[in-house]
Amino acid sequence: MTAVEERTGTTPGPEKEIGKARRRKEDARLITGKTTWTDNMVLPGMLHLAVVRSPVAHARITHVDVSAVREAPGVIAVFTGSDLAEEQGSLPCAWPVTPEMVNPGHPSIAVDQVNHVGEAVAVIVARSKTAAQDAVELADIDYEPLPVVLDMEEAVADGADLVHDHLESNTSYHFVFDAGEMGTGSDTDQAFADADVVVSRRLIQQRLIPAFMEPRSVVVQPQGDNYTMWSATQIPHILRVMAAMVTGIPEHKLRVVAPDVGGGFGGKLQVNPEEILCLLIARRLGKPVKWTETRSESLMTAHHGRDQIQYVDIAADREGNLKGLRVRLLADMGAYLRLITPGVPALGAFMYPGIYKFPAYRFECDGVFTNKVPTDAYRGAGRPEATFAIERIMDELAVELGMDPLELRRKNWINADEFPFTTVAGLAYDSGDYETATQQALELLGYDELRAEQQRRRESGDRVQLGIGISTFTEMCGLAPSRVLGSLSFGAGGWEHAAIRMLPTGKVEVVTGSTPHGQGHETAWSQLVADSLGVPFEDVEVLHGDTAISSRGLDTYGSRSLVVGGSAVVKAADKVIAKARKIAAHLLEASEDDLDFEAGKFSVRGTPGTGLGIQEIALAIFAAHNYPEGIEPSIDAEATFDPENFSFPHGTHLCAMEVDTETGFVKIRKYACVDDVGTIVNPLIVEGQVHGGLAQGIAQALYEEAVYDADGNLTTGTFVDYLVPSANDLPHFDTGNTVHSAPGNPIGAKGVGEAGCIASTPAVVNAALDAVRHLGVTDIRMPLTPERVWRAIHRGGDGGDRATAGSNAYGGAQTETTAGVSTDASSLGGDR
Ligand code: MCN
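Since we're looking at a predicted model, the values are computed, not measured.

### Thoughts on the domain arrangement of the chain
Assigned domains of the chain: these are domain 1 (3-35 + 495-641), domain 2 (45-146 + 211-301) and domain 3 (430-476 + 647-820). One C-alpha centre belongs to domain 2, the other to domain 3, and the line joining them spans 37 Å. Contacts between domain 2 and domain 3 engage nine residues on the former and 10 residues on the latter. Summing both partners gives a buried area of about 710 Å² for domain 2 against domain 3, and 64% of it is carried by carbon and sulfur.

Here it is in structure tokens:
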């Protein structure tokens, strides 16, 4: 019995939909090019925008001359920062993580100063896209250079140059979460002072670019004082509220539509300058306008992700019992605070303890301004960073203790009989069994044989060494209980809304506030409704992504859609059944209590097979000739679901990696993972989500990095330099599942959209290190390019720009040890 059946007492037909590997309804139109992407839209009289962008990272704008642009063929108008200064307001930041947080504001178009390469300085409006783009070069803008701030550690040092010279420092906020030493009242430092062994690491989360397949694109159509905006966005509902606030267009006069959207990965969880500029210019000109970015514009100016320096200390006794965890982060905000920029590291704050029972924990984070494009949500947002840090440092601790890394994890993880378990960070983990998932993953990988091979290669001094990396993870997703988000100062709630419309012919329309951009909600929601209402899967149509159709919604991110949005759908279905039951009782001349509801049909108990189908009731109530007194003639219903807890998927990911010690070339030999995402609605979609997540997590470990030169130019501004892997670059994945139902939602599901991305990165890096640790390597900086791997092996350090075991957050010069177990960075011959 599924959780839905248990809750509703409903028995679906013999063919249950939940759990069925349905092919995705939406794919036919997506993969055959039969859909209308935002950039495909053509409106009568539509004008095209191109943006003139700053070629320098930090400068005062001293002179702007756009007269030649105005004369260019096809150009209708040009707007500079001063033209729009009065009405552009500031782009929103919805997550002030501390009351003292400093927000310099963010103009959609720079007025007198630019703070990162690519910032908009003028907007050209022309009759065609090419005319607009051709005129960009004619803009004559002079810049007076200012010092460029790029390195976070330098940015927070005394006397650092300032990104915003009207601010006192480059620090936006200092966020502290100190759980202290549980049960003793003493602080975390005491736990460290009392521990036998302390290991410290400085880890780098390199800057990443979401690199969605469909570039950002916006069309705005003004009609009198009404505006319709089509945008390739993840968040039409939030965008509508924010755009109304920024532009002053009344919310009820603004409709936002997200048509089919070709991926987002957090990168389209944003209110973009260009969305606001399109609205402002359409309002000025009274004409429809369109802007679609080029790929280089996308890589250069869409928000980036990660970019943190993590100083991590872990404390344990000699037997490997964990005693404490301290984390200090420098988090690169970039030049401005975007929609949830400051909240990303704070979201991770609660996940650093991972699946382990730490008695003491402290987290501190400085949000730091630099002259780079702002960072913001990127698949996992805060949680991949936390998982990477804890899973990396657990391996380092195991080495220090001379313990097997798996045994160290086993000794400290939460046992299956301890759920629900409240962690040192205050989260109540809902359900799971780490041991079973790990056992299955070990079998899938063929762990014992690979360990034996590793031993053989080591003993024979093989040029190609083998390593096995472990990542046992959990994450908080299904964002989120609204009250909890409120307590974290997030600007919105975490509920989701759904409505079910029973059409006269018995077909069903499901209106959802979730906004899929690749996740397959149309298919999964149809499965949920088919089981709940007992109607054919094909009879359900899912409507989304248009504020005129789905008026309430909080959109898709944080692996929330099934857990929160799907739950709203089944809650709405419950209400439809309850309403239909009254009508069925009336028409069947029976008591409501005597009615069974099975496979979409109400029948009087004891007479199965007879009775009235819910689809017939939909027609009867449309005619409304005969229905009970005192009720409305409709069985449509809506529901808003606000979860009481996050959901906590978990899993064990294992990577076997070959490292060529002479070339530094790495190759994933085998990747196996077992994930627990609670009830699985559609196994095909879940597997696809895991695969996609793995690709992104492995890409962080091996391939991707946004790199700026010393002047603040993005040198990875094309796909030639920013290495998004293709299927050919990835191994076969051996995946499996355990199923522990989530008690916090009516489906019993946990989110899956980010799991693979969160879990895989440390598994890959741990595997590479495991292969070459006997050669004296203790860290390799991501991405693990052959050069870095070679340098780490042959010259010491992390293969990047400095030795690894060196500094910790608290001023220690090397790995701190109180029991004679030590790692001395200098012995590695680091090339600092
Ligand atoms: N699902 C399921 N059973 C479960 C869990 C989920 O069948 N136990 C299904 C759901 O029904 C849904 C899909 O898996 O069809 C993902 O569900 P969920 O975990 O709720 O995640 P969301 O739908 O909220 O998607 C957001 C998540 C995030 S945060 C990022 S980033 C991401 C991701 O999804 N970006 C994506 N996956 C992506 N996939 C594509 N193709 N493109 C992106 O931009």
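Let's pick the thread back up.
### Examining the sheet that holds strand β23 (residues 601-604)
Overall, antiparallel pairing links the three strands, which are arranged β22-β23-β24 in an open sheet. In this open sheet, the two edge strands, each paired with only one partner strand, are β22 (595-598) and β24 (612-613). Bridge analysis of β22 against β23 gives four bridges, and the strand direction is antiparallel. Each residue of the ladder has a partner; that of Asp 596, found in β23, is Ser 603.

### Structural notes on the pairing of strand β11 (residues 254-257)
Relative to β11, strand β10 (residues 226-231) is paired through four bridges, and the arrangement is parallel. In the sheet register, Trp 230 faces β11, and the bridge partner there is Val 257. For the crossover from β10 across helix α8 (residues 236-247) to β11, the handedness is right-handed.

### Some points on the site of the ligand
The immediate surroundings of the ligand are formed by 33 residues, with Gly 264, Gln 519, His 521, Gln 689 and Val 752 found nearest. Within the backbone of Phe 265, one N or O atom sits 2.9 Å away from an oxygen atom of the ligand. His 517 is positioned with one of its backbone polar atoms (N or O) 3.5 Å from a nitrogen atom of the ligand. Put simply, the parts of the chain that give the shell around the ligand at least two residues each are α17 (521-533), α18 (561-588) and α20 (683-702). Classifying every residue of the shell around the ligand gives 12 nonpolar, 17 polar and four charged.

### Regarding the packing of α18 against helix α19 (residues 614-623)
Between α18 and α19, the least distance of the axes is 10 Å, while the angle of their chain directions is 75°. It follows from the interaxial angle that α18 and α19 lie roughly perpendicular. When α18 is examined against α19, the residues Val 576, Ile 577, Ala 580, Ile 583, Ala 584 and Leu 587 are found in contact with a partner set consisting of Ile 614, Ile 617, Ala 620 and Ile 621. Across the contact of α18 with α19, the residue classes break down as 10 nonpolar, no polar and no charged.

### Some points on the environment of Asp 317
Considering the arrangement of structural elements, one finds Asp 317 in the loop between β13 (305-316) and β14 (322-334). Expressed as a C-alpha distance, the spacing of Asp 317 and Asp 196, which sit 121 residues apart in the sequence, is 4.7 Å. If sequence neighbours within four positions are ignored, Asp 317 has contacts with Asp 196, Lys 323 and Leu 401. Among the polar contacts made by the side chain of Asp 317, one reaches the main-chain amide nitrogen of Glu 319 at a distance of 3.0 Å.

### A word on the side chain of Asp 675
Among the structural elements, Asp 675 can be located in strand β27 (residues 666-676). Buried and without a salt bridge, Asp 675 has Lys 750 as its closest oppositely charged side chain, separated by 10 Å. Residues within four places of Asp 675 in sequence aside, it is in contact with Phe 473, His 650, Gly 651, His 653, Val 690, Gly 736, Asn 737, Thr 738 and Ala 755.

### Regarding the side chain of Arg 216
In this structure, Arg 216 sits in the loop between β8 (197-208) and β9 (217-223). The exposure class assigned to Arg 216 is buried, which follows from its relative accessible area of 2%. In this structure, Arg 216 is in contact with Lys 268, Asn 272, Glu 274, Trp 291, Thr 292, Glu 293, Glu 297, Thr 301 and Ala 302, ignoring residues within four places of it in sequence.

What counts, and where the lines are drawn
- Residues numbered from 1 in each chain as written.
- Predicted model: local features only at pLDDT ≥ 70, side-chain atom pairs only at ≥ 80, totals over all residues.
- Heavy atoms only, no water.
- Domains from an automatic or database assignment.
- Contact = heavy atoms within 4.5 Å.
- Buried area = accessible area lost by both parts, 1.4 Å probe.
- Pairing = 2+ DSSP bridges.
- Helix = DSSP H or I, 4+ residues; strand = E, 2+ residues; numbered from the N terminus.
- Right-handed = clockwise from strand over helix to strand, strands pointing away.
- Near = heavy atom within 4 Å.
- Polar contact = N/O pair within 3.5 Å; in protein donor to acceptor, adjacent residues only side chain to side chain.
- Nonpolar A, V, L, I, M, F, W, Y, C, P; charged D, E, K, R; others polar.
- Axes fitted to C-alpha atoms, helices over the stretch in contact; angles between N-to-C directions.
- Parallel < 35°, antiparallel > 145°, perpendicular 65-115°, else oblique.
- Buried < 20%, exposed > 50% of the residue type's maximum accessible area, 1.4 Å probe, protein only.
- Lys, Arg positive; Asp, Glu negative; His and termini not counted.
- Salt bridge = Lys/Arg side-chain N within 4 Å of Asp/Glu carboxyl O.

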